[in-house]
Protein chains: 4
Amino acid sequence: MNTFGRNFRCTTFGESHGPALGVVVDGCPPGIPFSEEDVRPLLERRRPGTGILVSARREPDEVRILSGTFSGMTTGMPVAMAVGNRDVRSGDYEALKDVFRPGHADVTYAQKYGIRDYRGGGRSSGRETVARVCAGALALRVLEPHGIRIAGRAVEIGGVADPASMEAAILDAKDAGDSVGGIVEIVASGCPPGLGDPVFGKLDALLAAAMMGIGAVKGVEIGDGFAAARMRGSEQNDPMTAAGFASNHAGGILGGISTGAEIVVRIAVKPTPSISLPQATVDSRGRETEIRISGRHDPCIVPRIIPVAESMAALVLADALLENQKYRPYTQTQEPAR
Amino acid sequence: MNTFGRNFRCTTFGESHGPALGVVVDGCPPGIPFSEEDVRPLLERRRPGTGILVSARREPDEVRILSGTFSGMTTGMPVAMAVGNRDVRSGDYEALKDVFRPGHADVTYAQKYGIRDYRGGGRSSGRETVARVCAGALALRVLEPHGIRIAGRAVEIGGVADPASMEAAILDAKDAGDSVGGIVEIVASGCPPGLGDPVFGKLDALLAAAMMGIGAVKGVEIGDGFAAARMRGSEQNDPMTAAGFASNHAGGILGGISTGAEIVVRIAVKPTPSISLPQATVDSRGRETEIRISGRHDPCIVPRIIPVAESMAALVLADALLENQKYRPYTQTQEPAR
Amino acid sequence: MNTFGRNFRCTTFGESHGPALGVVVDGCPPGIPFSEEDVRPLLERRRPGTGILVSARREPDEVRILSGTFSGMTTGMPVAMAVGNRDVRSGDYEALKDVFRPGHADVTYAQKYGIRDYRGGGRSSGRETVARVCAGALALRVLEPHGIRIAGRAVEIGGVADPASMEAAILDAKDAGDSVGGIVEIVASGCPPGLGDPVFGKLDALLAAAMMGIGAVKGVEIGDGFAAARMRGSEQNDPMTAAGFASNHAGGILGGISTGAEIVVRIAVKPTPSISLPQATVDSRGRETEIRISGRHDPCIVPRIIPVAESMAALVLADALLENQKYRPYTQTQEPAR
Amino acid sequence: MNTFGRNFRCTTFGESHGPALGVVVDGCPPGIPFSEEDVRPLLERRRPGTGILVSARREPDEVRILSGTFSGMTTGMPVAMAVGNRDVRSGDYEALKDVFRPGHADVTYAQKYGIRDYRGGGRSSGRETVARVCAGALALRVLEPHGIRIAGRAVEIGGVADPASMEAAILDAKDAGDSVGGIVEIVASGCPPGLGDPVFGKLDALLAAAMMGIGAVKGVEIGDGFAAARMRGSEQNDPMTAAGFASNHAGGILGGISTGAEIVVRIAVKPTPSISLPQATVDSRGRETEIRISGRHDPCIVPRIIPVAESMAALVLADALLENQKYRPYTQTQEPAR
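Nothing here was measured: the structure is a model prediction, and the numbers come from that model. (Residues numbered from 1 in each chain as written. Chains lettered and ligands numbered in written order. Predicted model: local features only at pLDDT ≥ 70, side-chain atom pairs only at ≥ 80, totals over all residues. Heavy atoms only, no water.)

Trainee: Sorry if this is basic, but what is going on with the overall build of chain A here?
Mentor: From N to C terminus, chain A includes 8 helices and 17 strands. Relative to the globule expectation of 20 Å for 338 residues, the C-alpha radius of gyration of chain A, 21 Å, shows essentially globular dimensions. The principal-axis extent of the C-alpha atoms belonging to chain A is close to 65 × 55 × 35 Å. Here chain A holds 338 residues, and 67% of them are scored as buried. For chain A, the proportion of contacts with a sequence separation of at least 24, taken over those separated by at least 6, is 72%. (Helix = DSSP H or I, 4+ residues; strand = E, 2+ residues; numbered from the N terminus. Rg over C-alpha atoms; globule rule 2.2 N^0.38 Å. Buried < 20%, exposed > 50% of the residue type's maximum accessible area, 1.4 Å probe, protein only. Contact = heavy atoms within 4.5 Å.)

Rendered as C-alpha cells:
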C-alpha cells in the first residue's frame with residue numbers, strides 16, 4: 001500500500017537508487033496556487049548534507065511537477081511530482097548486497113519479496129520521504145487559506161531536552177561510532193472543530209498511522225499521551241468555559257474529532273540503525289557475520305524527520321478537511337456549538 | 001468511516017441506546033468454523049457489571065450471526081453479527097441532553113453533525129466496541145490455524161505496575177469520586193515474517209491506527225517505543241544470529257514488516273472522563289455550568305479495554321495475513337531468508 | 001466486495017435462506033428525515049408474489065432500522081437496516097443440493113468457495129437485492145432535496161416494445177415452461193452538472209458497474225448506446241445553444257461528467273434461468289444429468305428488477321453528489337459556464 | 001478518482017499537453033520480468049500517425065520506468081512509468097480556449113472545476129490512455145504465466161461488419177468532414193474459473209466499469225448482451241456436460257464469477273466528436289457560435305481504442321487474479337467442482 005488518504009490521496013513511488021522518486025496526489029482541489037517553488041523549502045529542510053552533523057549525500061533534490069497544474073494553479077487533476085536521483089553511488093552498497101544490516105528492513109524485505117533492491121535500502125530508504133514532502137508541500141498550500149499552520153520541533157534528542165545541548169549529544173554519539181534518537185512534537189494550529197470521524201476514522205487514529213508509517217518512529221502520542229495513563233480524570237479532563245477549553249490535555253481531539261484547540265502530537269524516533277560500531281548479524285544464507293557500516297550516515301535523523309512529520313500531519317489534515325466539506329451543506333445551517 | 005481493514009473488512013454500526021449494535025465482516029475466508037459460542041468469551045470479558053469495580057449495566061450481550069455461515073462454517077460471504085440493546089435506561093441521560101461532559105465527545109459530535117443521539121454517548125459510547133469484539137472473535141478464528149495468538153494485560157493502572165496493588169488504586173480513585181487510567185500491553189506471538197507493507201501500510205502504522213482508534217487511547221508504542229528515543233543505536237538494534245534475533249527491541253517489526261519475533265504493542269489509556277466530582281462545563285448554548293456525573297460508570301476502563309485491543313490487533317493481523325497470501329505464488333519458491 | 005460507493009458506502013449482507021438480509025450505509029449525511037416507511041414502497045415493488053405473473057414467495061419483507069437515526073432523522077452515523085427471512089422453505093432446495101442449475105451461479109460459487117449455501121441460491125439469490133433497495137430508499141431521500149428524481153420502466157419484454165403486449169409475452173413463455181428477459185430504461189432528471197469524475201470515476205463508468213452488478217444484467221448503455229456506434233459524429237454530437245443542449249444523444253454525460261440534461265441508462269436483462277423445461281447439466285461430482293426446475297419462479301424478472309436498478313442509480317448519484325460537495329468551496333465562486 | 005483496481009492498483013496522471021503522462025502501479029507482484037520493451041508494442045498500436053486514416057501527431061511515445069524494477073524484474077514496489085509529451089503544438093488550441101466543442105468534455109470540465117487546461121482536451125484527451133496502456137502492458141505480463149491471453153478486434157465500423165469494407169467507411173466519413181464509430185470485441189481466454197466476486201465485485205461489473213471508463217464508449221455487453229433480452233431461458237442458458245459448457249451465451253461469467261470459458265465483452269464506440277463540419281455551440285460566456293474543428297483528428301478512433309480496451313481488460317483480470325489468490329489457502333484443498 002503506497003497510497004495515503006481517502007480524499008487527498010497520495011501515491012508515492014521510487015527507490016533510493018532508482019531513476020526517480022515521486023508522488024501522485026489525486027483529489028487535490030482546483031484553484032490552489034502551486035509551483036516547484038512551494039516544495040523547495042520543505043525539501044531543503046529534509047535534505048542531507050546541509051550541516052556538519054548529517055550525512056553528506058549532496059543531490060540537489062530538484063522537484064518537477066509533471067501534471068495537474070495550469071497557469072500556476074492546480075486544476076483538480078492528479079498532481080504528479082518527481083525528483084531524480086542524481087548522486088547515486090550504488091557501488092557503496094555492493095558490500096551490503098548479501099548482509100542484513102541490524103535495525104534495517106533488509107531482512108524483512110528479503111523474506112517478504114524474495115527480491116530486493118539492496119542499493120541504499122531501496123524503497124525502505126529514508127530517501128522515500130522525499131515524495132511525502134512533495135505531497136506535504138501541496139497539502140500545506142491547501143490548508144493555508146483555512147488558516148491551518150503546522151510546526152514541528154525536536155523536544156528531546158539523545159535524552160537531552162535542552163536545545164543548546166542537543167548538538168553535543170549527537171556529536172558524542174558520532175565520536176563513539178554510534179547514534180541517537182529523540183522526540184519530535186508537531187503542533188497544528190488554526191484547525192476548525194469537526195475534523196475527523198467517529199470510530200475508525202478518528203483524527204488521532206489517522207495521525208497515529210501517518211506518524212508510525214514514517215521509518216524509525218516507534219511511538220506516537222496525542223496531548224498528554226502516555227502521561228495521561230498516570231493522571232486522574234479530574235486532572236486529565238479539560239474544563240469548558242464560555243471562552244473555550246480551559247486547558248488542552250486532550251491535544252485538540254475529543255472522540256476522534258478536532259475541538260478547535262491546538263492539535264499536539266509527539267513521536268518517538270529511534271536512533272539511526274546505521275552505525276560504524278561492529279554488530280553481529282547474518283548474511284542472506286543465514287550465516288553469522290559481523291558488520292561495520294561506514295559511509296555517509298546521519299548519527300541522528302531527528303532534525304531531518306521534522307519536515308517529514310509536518311508533511312504527514314498536513315496530509316492527514318487536508319484529507320480530513322475535504323472529508324468534512326462533503327457534509328457541510330447538511331450541517332452548516334446549525335449554529336456552531338460555541 | 002466505520003470500516004476497518006482492506007481485505008478482512010469490518011463495518012460496524014450501532015449506538016449505545018439504539019435497537020442494536022453490530023458488524024459486517026466482508027472478506028472473511030470460507031471454511032472457518034465459527035458460531036456464536038466463539039464470540040461469547042470475548043464479549044464477556046468486555047462486559048460491564050462483572051466485578052465490583054466496574055459499571056453495573058447488566059445486559060447479557062447476546063450476539064446473533066445474521067449471515068455468512070452455513071453448517072457452522074463461514075462461506076466466504078459477509079458475516080453479519082448483531083447484539084441487541086436491552087438494558088437501555090435512556091431516562092438517565094435526559095439530564096445530559098443539553099450539557100457537554102468534559103473529556104467526552106459530546107461537544108465535538110454536536111459541532112460536527114448538528115444532531116446527536118445524546119443517550120449514553122450514542123455512537124461515541126464505549127459500547128460501540130461490542131461490535132469490534134464480535135469481529136475480533138472471528139479474526140482470532142482466522143489466525144488460529146496459522147498459530148498466531150494474541151494476549152493482552154494491564155502493565156500499569158493508576159501509575160501502579162504491581163498487579164496486586166492495581167485494585168486498590170482503582171478503589172482509591174472511586175472513593176474520591178475520580179477515575180484512573182493505565183497502560184495495556186498486547187503481545188502477538190506466532191506471526192510469520194512478512195506481514196505488513198512498506199511505506200503507508202507498515203504493520204506498526206496499521207496497529208497504531210487500530211489502537212488509537214479505540215476511545216480513551218492517547219498513545220501507542222511498538223517494542224522499545226518512547227524509550228527508544230533515549231537509547232543509542234548500538235543498544236536499540238537487535239543483533240541477528242543463526243538462531244534468530246538475539247533481542248526484540250524492535251517489537252517484532254522492522255521497516256513495517258513482521259520479523260517473526262513477538263509483536264509487542266503498548267497503549268496509554270486515559271482515566272475515565274465520567275467522574276462524580278464537579279466539573280466546569282458549558283451547555284449546548286455555550287452557557288457556563290457545572291456537572292457531576294452520577295450513575296453507573298467505571299472508575300477505570302483498563303480491564304475492559306484489553307479484549308477490545310486484542311480484537312483490534314487480531315483484525316490488523318488477519319488483514320495483513322490475507323494481504324500477504326495474495327502474493328505468495330510469486331514468492332513461495334524463494335527460500336526463507338533464515 | 002460487498003461494499004458499493006466511496007462516500008455513500010453501502011455494505012450488504014445476507015443469504016436467501018439465512019436469518020436476515022441487510023445493509024449498512026456509512027457516510028449518509030446527518031439531518032435526512034428517514035424511517036421504515038420510506039423503504040416500504042420500494043420494497044413492495046421489488047417483492048415477489050404481488051401479481052399473477054411472478055413467483056409466489058409471500059414474505060412481508062418488514063425492514064427494521066437498527067442504527068443511525070434519532071428522532072426520525074439520520075445522525076451521520078451508519079444506518080443499518082435488516083429484513084428477516086420468514087418464509088424459508090429450505091426443503092424445496094434439498095433436491096438442488098448437488099446439481100448445478102444452468103444459467104445460475106451454483107457452479108461458480110462451488111468452484112470458488114468450496115462451500116456454498118445451496119438453499120435458494122444463498123448469496124447469489126435475487127433476494128440479495130432486498131438490501132440494495134433498502135439502501136436505495138435512503139439514497140433517494142438524500143437526492144430529493146436536490147431535486148433529483150429517478151424513474152425506471154420496461155421498454156421491452158420478450159422482444160416486445162408495446163406495453164400492452166408484454167404480459168402476453170410473459171404468459172406465453174410461462175405456458176411453455178420457459179422464461180423471457182427484457183430491457184429496462186432508467187432516467188434520472190434534475191441532476192446538476194458536474195457529477196462524476198474524469199478517467200476511472202466517470203459517472204457512466206460508475207453507473208455501468210452499478211447496473212452490471214445486478215444479477216441477470218448482461219448489457220448497459222448510456223444515451224444512444226450501441227446505436228451510437230452506427231451514427232456519424234454530426235448526428236451523435238449534441239449541439240449547444242444559449243438555452244442548453246439542443247438534443248441529448250449523450251444521455252446526460254460528457255467526458256464522464258453530468259451535463260445537467262437527463263441521464264439515460266438502459267440495461268439488458270436476461271431471461272430467468274430457472275425454467276421447468278428439462279436442461280442438461282452436471283452434478284457436484286461432474287456427472288451428467290438432467291434438471292427440471294419446479295417451484296415458484298418468475299417467468300420474467302424485468303418488472304421486479306426496475307426498483308433495484310432505480311436503487312443502484314440512486315446510490316451512484318448520492319455518492320457522486322457527496323463527492324462533488326467536497327470540492328465546492330474551491331469552485332463555487334466561479335460562474336457556472338452557462 | 002484516478003486510481004483503478006483494488007489489488008493491482010493503477011493511478012494515472014497527466015494531460016495532453018503537459019510535461020508528461022504516466023502511471024503508478026501499486027500491488028504488482030515481485031519477480032515479474034518487465035522492461036520498457038514490454039510496453040512499446042502496445043503503445044505503438046495505440047499511437048496516432050501510423051496510418052493514413054488516423055491523426056498525424058507523431059510523438060514517439062517513449063516510456064520510461066521510474067521505479068519498481070531491479071535487474072529487469074519487478075520487486076513488489078510501485079512501478080512508475082512516464083511518457084513525455086514532445087510534440088505539443090499548444091498553439092493549435094488557442095482558438096478553442098473559449099469555445100466548447102460539441103461531444104467533448106470541454107463544457108463539463110469548465111462547469112465542474114472552474115479552471116481547465118484547454119490544450120488538446122487536457123486530462124480528458126484520448127492521450128490520457130497512454131498511461132492505461134503502460135499499466136496494461138504490465139498486467140499482461142502478470143497474466144502471461146497463468147496462461148491468460150487477451151485479444152481485441154473491431155467487429156463493426158460505421159455500421160459495416162465486413163473488415164474489407166471498414167476502411168472505405170472511414171474514408172467516406174472523412175471525405176464528408178465527418179466521423180464514424182464502431183464496436184470492439186475483447187476476448188480473454190485461459191481464465192481460470194473463480195475470478196470475480198458476488199454482488200458489487202462481479203467480474204462483469206468490473207469489466208463494465210473498466211470499459212465505460214474509456215472515453216467515447218457508450219455501451220458494454222457481456223456474452224449475448226442486449227441480444228439476451230430477446231431470448232428465452234431455454235436458449236440463453238448454457239447446458240453443462242462432463243466436458244464443460246456446451247455453449248457460451250454467458251460470455252464466460254455466471255453470477256459475476258468466471259466459469260473458465262472465454263470471457264467475451266463488446267463495447268460501443270461513438271464517432272469521434274471532432275469533425276470539420278460546422279457545428280452549433282456556445283463559448284465560455286454562453287454566447288452562441290459555430291465551430292469547425294480543423295487539424296489532425298481521427299475520423300475513427302476504433303482501431304486505436306482496441307489496445308486500450310485490451311489494457312483495461314488486463315487490469316481487471318490481474319486485479320481479480322490477485323484477489324482470488326488471497327483466499328486460495330482456504331479453498332485449494334477442495335476438489336474443483338468439475
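Trainee: Just checking my understanding: could you explain the packing of aromatic side chains for this structure?
Mentor: By convention here, two paired aromatic rings are described through the distance between centres and the angle between planes. On inspection of all chains with the given rule, the structure shows 14 aromatic pairs over all chains. Relative to Phe200 of chain D, the ring of Phe4 of chain C lies with its centre 5.2 Å away and its plane at 45°, an arrangement referred to as tilted. In this pair, Phe4 of chain C is assigned in strand β1 (residues 3-4) and Phe200 of chain D in the loop between β9 (182-189) and α5 (203-212), connecting two distinct chains. A relative accessible area of 13% means that Phe4 of chain C is categorised as buried. With relative accessibility at 9%, the residue Phe200 of chain D sits in the buried group. (Phe/Tyr/Trp six-rings, centres within 6.5 Å; stacked < 30°, edge-to-face > 60°.)

Trainee: It is not clear to me how the pattern of salt bridges should be interpreted in this structure. Could you clarify?
Mentor: Pairing between side chains of opposite charge can happen when their charged atoms approach one another. For the coordinates displayed, the defined rule picks out 87 salt bridges over all chains. For Glu290 of chain C, the salt bridge identified is with Arg292 of chain C, shortest N-O distance 4.0 Å. Arg304 of chain C is the partner of Asp298 of chain C in a salt bridge, and the nearest nitrogen-oxygen pair spans 2.5 Å. Three or more residues joined by partner-sharing salt bridges are found here, namely Arg153, Glu185, Glu221 and Arg266 of chain A. (Salt bridge = Lys/Arg side-chain N within 4 Å of Asp/Glu carboxyl O.)

Trainee: What am I meant to see in the relation of the copies chain C and chain D here?
Mentor: Each copy of the chain is related to the other by a rotation around an axis and a translation along that axis. For the pair chain C and chain D, the best superposition has an RMSD of 0.0 Å and corresponds to a rotation of 180° with a translation of 0.0 Å parallel to the axis. Here the two chains are linked by the operation of a two-fold rotation axis. By C-alpha distance to the rotation axis, the residue of chain C lying nearest is Ala209 of chain C, at 2.4 Å. Most of the interface of chain C is mirrored in chain D: 100% of its interface residues are interface residues there too. (Least-squares fit on C-alpha atoms with pLDDT ≥ 70 in both.)

Trainee: What is the right way to look at the environment of Ile65 of chain C in this model?
Mentor: Take Ile65 of chain C: it is sitting in strand β4 (residues 63-65). By relative accessible area, which is 6% here, Ile65 of chain C ends up buried. With 45 residues separating them along the chain, Ile65 of chain C and Ala110 of chain C place their C-alpha atoms 33 Å apart. Beyond its immediate sequence surroundings of up to four residues, Ile65 of chain C is in contact with Pro19 of chain B together with Phe34, Ser35, Glu36, Val79, Ala80 and Met81 of chain C.

Trainee: Sorry if this is basic, but what is going on with unusual backbone geometry here?
Mentor: Where the residue is not glycine, phi is negative for most of them; where a peptide bond is considered, it is trans in most cases. Residues and elements named next belong to chain C. For Val199, which is not glycine, the phi torsion reads 60° and is therefore positive. Along the chain, Val199 falls in the loop between β9 (182-189) and α5 (203-212). The phi angle at Ala216 is positive, at roughly 80°, despite the residue not being glycine. Within the secondary structure, Ala216 is located in the loop between α5 and β10 (217-222).

Trainee: Which parts of the structure should I look at to understand the interface of chain C and chain D?
Mentor: It is common to give the size of an interface as the accessible area that goes away when the parts come together. With 108 residues of chain C at the contact, the number on the chain D side is 109 residues. Between chain C and chain D, the buried area comes to about 8,200 Å², and carbon and sulfur atoms account for 62% of it. Counting the surface chain C buries against chain D, the share from its top three residues, Phe200, Lys218 and Met240 of chain C, is 11%. The interface formed by chain C and chain D includes 4 salt bridges. Taken together, the connections running from chain C to chain D amount to 37 residue pairs in polar contact (both at pLDDT 80 or more). It is helix α2 (residues 106-113) of chain C that provides the largest number of residues to the side of chain C that touches chain D, a total of 7 residues. Its residues assigned to classes, the side of chain C that touches chain D comprises 50 nonpolar, 36 polar and 22 charged. (Buried area = accessible area lost by both parts, 1.4 Å probe. Polar contact = N/O pair within 3.5 Å; in protein donor to acceptor, adjacent residues only side chain to side chain. Nonpolar A, V, L, I, M, F, W, Y, C, P; charged D, E, K, R; others polar.)

Trainee: Whenever I open this one, the pairing of strand β7 (residues 79-84) of chain A confuses me. Can you help?
Mentor: Where a strand is regular, its side chains alternate between the two sheet faces. All names here are of chain A. Of all the 6 residues making up β7, 5 are buried; the element is thus mostly covered by neighbouring parts of the structure. Two elements, strand β4 (residues 63-65) and β7, share 3 bridges in a ladder whose sense is antiparallel. Directly across from Arg64, in β7, lies its bridge partner Ala82. (Pairing = 2+ DSSP bridges.)

Trainee: Is there a simple way to explain the interface of chain A and chain B in this structure?
Mentor: Of the residues lining the interface, 107 residues belong to chain A; the matching set on chain B comes to 107 residues. Looking only at chain A, the three residues that lose the most surface to chain B are Phe200, Lys218 and Met240 of chain A, adding up to 11% of its buried area. At the boundary of chain A and chain B, one finds 4 salt bridges. As a salt-bridge pair, Glu156 of chain A and Arg230 of chain B come within 2.5 Å of each other at their nearest N and O atoms. Between the two partners, chain A and chain B, sit 37 residue pairs in polar contact (both at pLDDT 80 or more). By residue number, the principal contributor to the side of chain A that touches chain B is helix α2 (residues 106-113) of chain A, which donates 6 residues. Of the residues in the side of chain A that touches chain B, the class split is 49 nonpolar, 36 polar and 22 charged.

Trainee: Any chance you could explain the sheet that holds strand β8 (residues 149-157) of chain C here in plain terms?
Mentor: By definition, the strands of a sheet pair up through backbone hydrogen bonds, in either a parallel or an antiparallel sense. A sheet is described by the order of its strands in space; here 8 strands give the open sequence β8(C)-β9(C)-β15(C)-β10(C)-β10(D)-β15(D)-β9(D)-β8(D), paired in antiparallel fashion. Where the open sheet ends on each side, the last strands, each with one partner, are β8 of chain C together with β8 (149-157) of chain D. Neighbour-to-neighbour, the strand axes of this sheet turn through a mean angle of 20°, independent of strand direction. Pairing of β9 of chain D with strand β15 (residues 263-269) of chain D involves 7 bridges; the strand directions are antiparallel. (Axes fitted to C-alpha atoms, helices over the stretch in contact; angles between N-to-C directions.)

Trainee: Help me out: how do you make sense of the sheet that holds strand β1 (residues 3-4) of chain A in this one?
Mentor: All names here are of chain A. Read across the sheet, 5 strands follow the order β1-β2-β3-β7-β4 without closing on themselves; strand pairing throughout is antiparallel. In this open sheet, the two edge strands, each paired with only one partner strand, are β1 and β4. Where strand β2 (residues 9-13) meets strand β3 (residues 20-26), 5 bridges bridge the pair, whose relative direction is antiparallel. Considered in β3, the bridge of Thr12 is made with Val23. Running over the sheet, helix α1 (residues 36-46) touches β4 and β7 and is turned about 150° from β4.

Trainee: How should I be thinking about the side chain of Thr74 of chain A in this particular structure?
Mentor: One can find Thr74 of chain A in strand β6 (residues 73-74). Discounting chain neighbours no more than four positions away, the residues touching Thr74 of chain A are Cys28, Pro29, Pro30, Gly31, Ile32, Phe34, Gly68, Thr69, Val79 and Leu138 of chain A together with Ile115 of chain D.

Trainee: Explain the packing of helix α5 (residues 203-212) of chain A against helix α7 (residues 302-325) of chain A here, please?
Mentor: Each pair of packed helices gets described by two things: the angle between the helix axes and the distance between those axes. Residue and element names in this part refer to chain A. Taken N-terminus to C-terminus, the directions of α5 and α7 make an angle of 145°; their axes are 9 Å apart at the nearest point. In terms of crossing hand, the pair formed by α5 and α7 is right-handed. Side by side, α5 and α7 meet where Leu203, Leu206, Leu207, Ala210 and Met211 of the first sit next to Ala309, Met312, Ala313, Val316, Leu317 and Ala320 of the second. (Left-handed = near helix turned anticlockwise from the far one by under 90°.)

Trainee: Could you clarify how one ought to interpret the packing of helix α3 (residues 129-143) of chain B against helix α7 (residues 302-325) of chain B in this entry?
Mentor: All names here are of chain B. The interhelical angle for the contact between α3 and α7, taken along N-to-C directions, is 50°, at an axis separation of 8 Å. Here α7 runs oblique to α3, going by the angle between their axes. In terms of crossing hand, the pair formed by α3 and α7 is left-handed. Across from Thr129, Arg132, Val133, Ala135, Gly136, Ala139, Leu140, Val142 and Leu143 in α3, the residues of α7 making contact are Pro307, Val308, Ser311, Met312, Ala314, Leu315, Leu317, Ala318 and Leu321. Taken together, the residues of the contact of α3 with α7 sort by class into 14 nonpolar, 3 polar and 1 charged. (Parallel < 35°, antiparallel > 145°, perpendicular 65-115°, else oblique.)

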